[in-house]
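Single-letter residue listing:
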Amino acid sequence: MATRLVQINMKAHDDAALGRFWAEALGWGIDSEGPGVTNLEPVGFTYPDPAAVCIDLIARPEPKTVKNRVHLDLATTSTAHQEELVARLKRLGATPVDVGQGDVPWTVMADPEGNEFCVLEPRPVYRDTGPIAAVVVDCTDPREMARFWGEAMDWTLHEVTDDRATMRSARGVGPYLEFLRTPDTKSGWNRVHLDVRPYPDADPAAEAARLRSLGATDPGIDQSAIHWTILADPEGNEFCLLTPA
């Protein structure tokens, strides 16, 4: 069996307000399954489908104190589109930020709650991904992350080097998942994390056991009140194994 990436989970002080920002930024629809939860997905989308990685925003009071280890790269189709998108995002409340990127052709920004993201220059590889080009995870060992996530999910590995690993849905649709080597290490729990979901006929307990056998660990979080499983990948990044669907 295998899982697939279905959404990212992003903590927010004001999930509704941050949800409105990201819905406008991506051109997506907005919904809520309950107080403190805002759900974003493309208009007319049938969840789950690899054509999109959705976003769940969850209200939490803790402040953001360090750079996120998971962020979004947004796709553009031309230099003019990149400039227009950056200008529009600024009007929505985003700000340019310096994370040590130097002189690069993409623009690093932060949403209204300080979550970093990139607006990429046009790249042919992302021409058919939709508004999100890639979900990017900082790491110290891209090869090990590719090994774990490549076995954890049914996605296809496209590239792996000492500095970078890239994979995408086996159907060749939707955004990429990328692992980039960075000098900093994880400190504290991640405010943005991956959510994966098994297929409908999977046994959740068996799938959790399989992920542990691949190198996932239990992060020591009380899970008595939830119906999904919280695990951590080999670099300690928390992720949620949702119920099959």
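Structure: above.
In what follows, the accompanying structure is described.

About the thresholds
- Residues numbered from 1 in each chain as written.
- Predicted model: local features only at pLDDT ≥ 70, side-chain atom pairs only at ≥ 80, totals over all residues.
- Heavy atoms only, no water.
- Pairing = 2+ DSSP bridges.
- Helix = DSSP H or I, 4+ residues; strand = E, 2+ residues; numbered from the N terminus.
- Axes fitted to C-alpha atoms, helices over the stretch in contact; angles between N-to-C directions.
- Contact = heavy atoms within 4.5 Å.
- Phe/Tyr/Trp six-rings, centres within 6.5 Å; stacked < 30°, edge-to-face > 60°.
- Buried < 20%, exposed > 50% of the residue type's maximum accessible area, 1.4 Å probe, protein only.
- Lys NZ or Arg CZ within 6 Å of the ring centre and 35° of its normal.
- Core = buried A, V, L, I, M, F, W, Y, C linked by side-chain atoms within 4.5 Å.

What follows is about the sheet that holds strand 1 (residues 3-12). Ordered in space as 2-3-4-1-13-15-14, the seven strands form an open sheet in which the pairing is mixed. One side of each edge strand has no neighbouring strand; the edge strands of this open sheet are strand 2 (29-34) and strand 14 (229-232). The sheet shows a mean angle of 30° between the axes of neighbouring strands, taken without regard to direction. The sheet strands contacting helix 4 (residues 204-214) are strand 1, strand 13 (192-198), strand 14 and strand 15 (238-241), and the helix crosses strand 15 at an angle near 150°.

Further remarks concern the packing of aromatic side chains. A full pass over the atoms with the stated rule returns seven aromatic pairs. Here phenylalanine 21 and tryptophan 22 contribute two aromatic rings whose centre-to-centre distance is 5.2 Å and whose plane-to-plane angle is 85°, an arrangement assigned as edge-to-face. Judged by relative accessible area, which is 4%, phenylalanine 21 ranks as buried. Of the aromatic side chains, those joined through ring pairs into one cluster are Phe21, Trp22 and Phe117. Arginine 4 extends its terminal NZ or CZ atom over the ring of tyrosine 199, reaching a point 4.1 Å from the ring centre.

Moving on, we get to the nonpolar core. Grouped together as the largest cluster of nonpolar side chains are 53 residues, with contacts concentrated most on Trp22, Leu74, Leu89, Trp149 and Leu177. Ranked by the residues each element gives to this core, the list is headed by helix 1 (residues 15-26), at six residues. Residues contacting tryptophan 22, with those up to four places away along its chain left out, are Met10, Leu40, Leu57, Leu72, Leu74, Asp111 and Phe117. If you look at the next biggest cluster of nonpolar residues, it comprises nine residues, including Ala75, Val108, Cys118 and Ala134.

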